[in-house]
Amino acid sequence: MAGDEERGETRGGDERWAGGAAGGGASPWAGLGTETRHPESRDLDLLPTERVVALLLEEDRRGLDAALARAAEIAAAAER
């Protein structure tokens with residue numbers, strides 16, 4: 001929403017780390033590997049659109065493959 005950033009608010013209303021490093025607070029997820037910059041996305045804005053789409057789909061596939069490899073464990077957890 002307009003003006004939220006000036007007030008240090010986020011859309012979700014969580015002000016604990018609003019503004020990230022520039023706002024003085026670090027994201028609670030900053031240390032997770034999933035939140036690091038993907039090496040292939042460097043200069044993402046300069047890549048051809050087809051390459052950007054391919055990167056997104058490749059990453060989706062990695063996640064789906066990982067989940068499929070643990071499908072039995074996921075199913076067991078869902079049945080608990």
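Anyway, here's the lowdown on the structure attached to this text. (Residues numbered from 1 in each chain as written. Predicted model: local features only at pLDDT ≥ 70, side-chain atom pairs only at ≥ 80, totals over all residues. Heavy atoms only, no water.)

Focus on the overall build of the protein
A tally of helices and strands in the protein yields two helices and zero strands. Burial status across the protein gives 9% buried among its 80 residues. Within the structure as shown, the protein displays about 7100 Å² of accessible surface, and the carbon and sulfur contribution to it stands at 55%. (Helix = DSSP H or I, 4+ residues; strand = E, 2+ residues; numbered from the N terminus. Buried < 20%, exposed > 50% of the residue type's maximum accessible area, 1.4 Å probe, protein only. Areas by Shrake-Rupley, 256 points an atom, 1.4 Å probe, with all protein chains shown as cover.)

Considerations on the pattern of salt bridges
Taken as a whole, this structure holds four salt bridges when the rule is applied. Across the pair Glu59 and Arg62 runs a salt bridge, and its minimum N-O distance is 2.9 Å. Of the two residues, Glu59 and Arg62 are both situated in helix H1 (residues 49–69); the distance of three residues between them amounts to about one turn of the helix. Its relative accessible area of 55% is what places Arg62 among the exposed residues. Glu73 is the partner of Arg70 in a salt bridge, and the nearest nitrogen-oxygen pair spans 2.7 Å. Taken together, the salt bridges that share partners define one network made up of Glu40, Arg51 and Glu58. (Salt bridge = Lys/Arg side-chain N within 4 Å of Asp/Glu carboxyl O.)

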